[in-house]
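Fold and geometry: a report
Spelled out from the first residue to the last, the chains are:
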Amino acid sequence: AFRRTFPPGPGATLAIKSINHEHHPHAHERLLLATAEHPDIHLIDHYVTASEKNSMIASADCYVSLHRAEGFGLTPAEALCIGKPVIATRYGGNLEFMNDRNSWLVDYELAPIGPGHTPYPADGEWADPDVEQAASYMRAIFEDPGAARERARRGAADMRSAHSPQAAGHSMRQRLEHIHSRREQWPHRA
């Protein structure tokens, strides 16, 4: 998506963070070749500390997660929490906190996983994100950073109101109070 949107030299750069390339040497070789073709793409293919990861997210103008399968989506959530524009596949756990008001969600088509993608089942399906749509979102954020920051501010506000420790505590308290209020209806055991 980045290569389709930004030819070398327009001022945009892409940092790709990956790990465990030794488990997938052929895929890693393809990634190395693809990044070598564009001088504004930088590959970081080793483990980093939490503070290094946080620094990378904080210094980015935009966080992109074109995932095929996603659990909760911790790094997109972290990016939203600090007010970064986030582009991500409209698939997976990230939809618990991302929407079209606070993020850029990329449509997808389900595609067969096929063999060789452990731990995913070969007969399963995963999301194949729309690369053209992702490219258009990258371009829009690059060309209008003010509008991108405004949407990202909504994302940060949504995270604070619905997914912060305070919001989780409030929800737990309400649930416990509800359970406590119903205690008298429980059968008594001797």
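For the structure, see preceding data.
Residues numbered from 1 in each chain as written. Predicted model: local features only at pLDDT ≥ 70, side-chain atom pairs only at ≥ 80, totals over all residues. Heavy atoms only, no water.

A word on the nonpolar core
- One finds F2, F6, A12, I41, I87, W104, V106, A134, Y137, M138, I141 and A148 forming the largest nonpolar core, which totals 12 residues.
- Examining the composition of this core, we find that four residues originate from one element, helix α5 (residues 131–143), more than from any other.
- In contact with I87, other than residues within four places in its own chain, are C62, Y63, V64, S65, L66, W104, V106, A134, Y137, M138 and I141.
- One finds A77, V86, F97 and L105 within the second-largest nonpolar core, a separate group that totals 10 residues. (Core = buried A, V, L, I, M, F, W, Y, C linked by side-chain atoms within 4.5 Å. Buried < 20%, exposed > 50% of the residue type's maximum accessible area, 1.4 Å probe, protein only. Helix = DSSP H or I, 4+ residues; strand = E, 2+ residues; numbered from the N terminus. Contact = heavy atoms within 4.5 Å.)

As for the environment of A156
- Locating A156 in the fold gives a position in helix α6 (residues 145–163).
- You can call A156 buried: its relative accessible area is 7%.
- Residues contacting A156, with those up to four places away along its chain left out, are L80, C81 and G83.

Thoughts on the sheet that holds strand β4 (residues 86–89)
- Overall, parallel pairing links the three strands, which are arranged β3-β4-β5 in an open sheet. The outermost strands of the open sheet, each flanked by one partner alone, are β3 (63–65) and β5 (104–106). For this sheet, the mean angle separating the axes of adjacent strands, direction not counted, is 10°.
- Bridging between β3 and β4 involves three bridges; their strand directions are parallel. When the bridges of β4 are listed, Y63 appears paired with V86.
- Running at roughly 155° to β3, helix α4 (residues 74–81) makes contact with β3 and β4 of the sheet.
- Of the strands in this sheet, β3, β4 and β5 touch α5, which is tilted by about 165° from β5. (Pairing = 2+ DSSP bridges. Axes fitted to C-alpha atoms, helices over the stretch in contact; angles between N-to-C directions.)

Some remarks on unusual backbone geometry
- The amide bond that connects T118 to the next residue, P119, takes the cis arrangement and shows omega of 15°.
- Positive phi, close to 60°, is recorded for N20, a residue that is not glycine.
- Of note, N20 is situated in the loop between β1 (14–17) and α2 (25–36).
- Among the residues examined, N20 registers a relative accessible area of 27% and is labelled partly exposed.

So, the side chain of N102
- Structurally, N102 can be placed in the loop between β4 and β5.
- The exposure class of N102 is buried, given its relative accessible area of 0%.
- Within the local environment of N102, its side chain forms a polar contact with the backbone oxygen of F97, the two atoms lying 3.1 Å apart.
- A polar side-chain atom of N102 sits 2.9 Å from a polar atom in the side chain of D158.
- Discounting residues that sit within four places of it in the chain, N102 has contacts with L80, F97, R151, R154, G155 and D158. (Polar contact = N/O pair within 3.5 Å; in protein donor to acceptor, adjacent residues only side chain to side chain.)

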